[in-house]
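So the chains spell out like this:
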Amino acid sequence: MRKQDLTRNSVVGQVTTLPDQKRAERLFRLLEAVPFTITRGQSLQFEYPEAAGHLLRNHVSELPDSNVAWMDRLSFQSRRDRQAALKRLTWDGAQYRLKYQLKLDTGESVWIEETGERIAGQDATPTEIIGTLRYIDRVQSELEKAAYLDRYDARSGLMNERSFRDAVNHVCALTKRQKSSAALIRLRATNLGDINAIYGYDTGDRLIRLIGERLANLLRAPDHVARLEGPDFGLCIIGADENGAHALMSRLKEPLLDTPYATPHGGLYIEFTASATILGEAAFTATDALRQTAGLYEGDDNHLTWAPKFYENTQEIQQLNQSSRAARDISQDIIAALNERRISIAYQPIIDARTRDLHHYECLLRLRREDGEIISAGNIIMAAEKLGLINLLDRRALELAAETLRTMPDIHLALNVSAATIKDEAAVEDYLTALKSLGPMAQRLTLELTETAALDDPGLASFFSVETRKLGCDFAIDDFGSGYTTFRNLMAIEADSIKIDGSYIQGIATEPHKETFVRMMVDLAQTFSVKTVAEMVDNRADAELLRRLGVDYLQGYMFGYPSAAPAWRRQSA
């Protein structure tokens, strides 16, 4: 063999042959999971020992080789949880999933997700289990971040309105038991919108954070401070009466109004208005207190720099806070959002459970607030339903979907329709007329009505189903299982598909009672030739079980988040 050939082969060998440790590291980085087998109920074996060693920071010779040795690395509670999960493997194919912190020989702890499935056993005792150990430190960090954002506002660092409501309700209960009082103060930054317009939203976000820092430094536990919606902030002062609240608002003036906030554009000043109510005297719930303080901003005093107002339990102030005034403002907000084209659509993919190909997208409304923040339109939809304006949002969603159908001839879309729209004779006629104008494009549209809406008036639901299906649309029942619709009603409504409520889907692979319920729904749906869609599918185990159960389509974060700019032609992974 020539010297040149020897050199080439040598190089090839160097490139393709890697030491076991390097291969294990690459495998672990690729999968971030280590397969294992438990045999005879006790013996623990890793399919890729080098990868397991990489996960555990151990040499292969020092890896635990028994279930007992593995348990020794867990906390007392984690051991109990794992033992209980293994005891539930009473039939071949039963699965489990749990998370815990695993103690390494180095002394540090890492988050592990363990999933397993019983392969064989004797009666209720498993003799062979296969599974994976997945390193989820990053995932756990994201979950903790999500949990934080569920309770705290990302812009200001303060608790959000949901947390604040919980805290205020607790304080209200406390004032009742102790026959004491507390004050709720609402502060509104009235010129924040102008600052956003002049200096940009980055500056506005910076100011929100700085306001949050100053408020947090001014108050101490057990008092509470939060960022409410938009430019509003809330303070709950325990033990304060009206005099105490007045004194506090006087102290707030200098640090909040008279001291500039440092920005790249120099020192900027924030203008505030303030309002307050007394918990235990005028307000007895968080809803009362927030409604009362919001109502005090009505009228021409909105733009006063600092004019503290107190809610008084008089007939005049009560009338001021009646829902008609609030409804008028919300109505104006909804109409303004529609007129200013601040209502848009996000698209979430729905895939074929067997082929994993994209089948269609669900259209979800989004609202761009005046400060530029994009939010789910859920709250505004609820308000629009109460105010009789939901048909306007339904029509706008249809208009946006129609534009997409025209520009993207290969996709299919699903739209939600409210019960209020189908109950309003003029609104439903207008909606059907708009559908007719789509022509053949209507065949690429599925209209979804919630189960509770269908149950409320099956006759109207049936009429709407028949009329839309005449035009070529498919008709679906959304959130199926959340109400009490019988399959007899389903047949009367003539639905083409049902979307199984997500509460029955999440965690189905490891929660047998959910599997039983969904299996029953799928079997009955197949009997009536009705397609099934499972929503809130977030992991592969759930997706695979749903496929085995015969669910036709899957929707959830595993296959894609709602997006205003989806990759239309991309198949789901």
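This text gives an overview of the structure that appears in the document. (Residues numbered from 1 in each chain as written. Predicted model: local features only at pLDDT ≥ 70, side-chain atom pairs only at ≥ 80, totals over all residues. Heavy atoms only, no water.)

A short note on the side chain of Arg444
With respect to the helices and strands, Arg444 occurs in the loop between α17 (425-436) and β17 (445-450). Comment: no salt bridge for buried Arg444; closest opposite-charge side chain is Asp410, at 6.8 Å. For Arg444, the side chain forms a polar contact with the main-chain oxygen of Met408, separated by 3.0 Å. Filtering out sequence-adjacent residues up to four positions away, Arg444 remains in contact with Leu405, Met408, Pro409, Asp410, Ile411, His412 and Leu413. (Helix = DSSP H or I, 4+ residues; strand = E, 2+ residues; numbered from the N terminus. Buried < 20%, exposed > 50% of the residue type's maximum accessible area, 1.4 Å probe, protein only. Lys, Arg positive; Asp, Glu negative; His and termini not counted. Salt bridge = Lys/Arg side-chain N within 4 Å of Asp/Glu carboxyl O. Polar contact = N/O pair within 3.5 Å; in protein donor to acceptor, adjacent residues only side chain to side chain. Contact = heavy atoms within 4.5 Å.)

Here we look at the pattern of salt bridges
As enumerated under the stated definition, the model contains 28 salt bridges in all. Close ionic contact of Arg519 with Glu515 constitutes a salt bridge, the shortest N to O distance being 2.6 Å. Pair noted here: Arg519 and Glu515 are both in helix α21 (residues 512-527), with a separation of 4 residues, about one helical turn. Look at Glu515 and you get buried, because its relative accessible area is 11%. Here the salt bridges do not stand alone but share partners, grouping Arg395, Arg396, Glu399 and Asp430 into one network.

Remarks on the sheet that holds strand β8 (residues 232-238)
With mixed pairing, 5 strands are arranged side by side in an open sheet as β7-β8-β6-β11-β12. Every other strand in the sheet has two partners, leaving β7 (224-227) and β12 (309-310) as the edge strands with one partner each. Sheet topology places β7 next to β8; 4 bridges connect them, and they run antiparallel. Residue pairing in the sheet places Val225 in a bridge with Leu235 of β8. Sheet strands touched by helix α10 (residues 242-258): β6 (182-189), β8, β11 (272-279) and β12. Its angle to β6, the strand with the most contacts, is close to 30°. (Pairing = 2+ DSSP bridges. Axes fitted to C-alpha atoms, helices over the stretch in contact; angles between N-to-C directions.)

Read these as layout, nothing more, since geometry by itself doesn't imply function.
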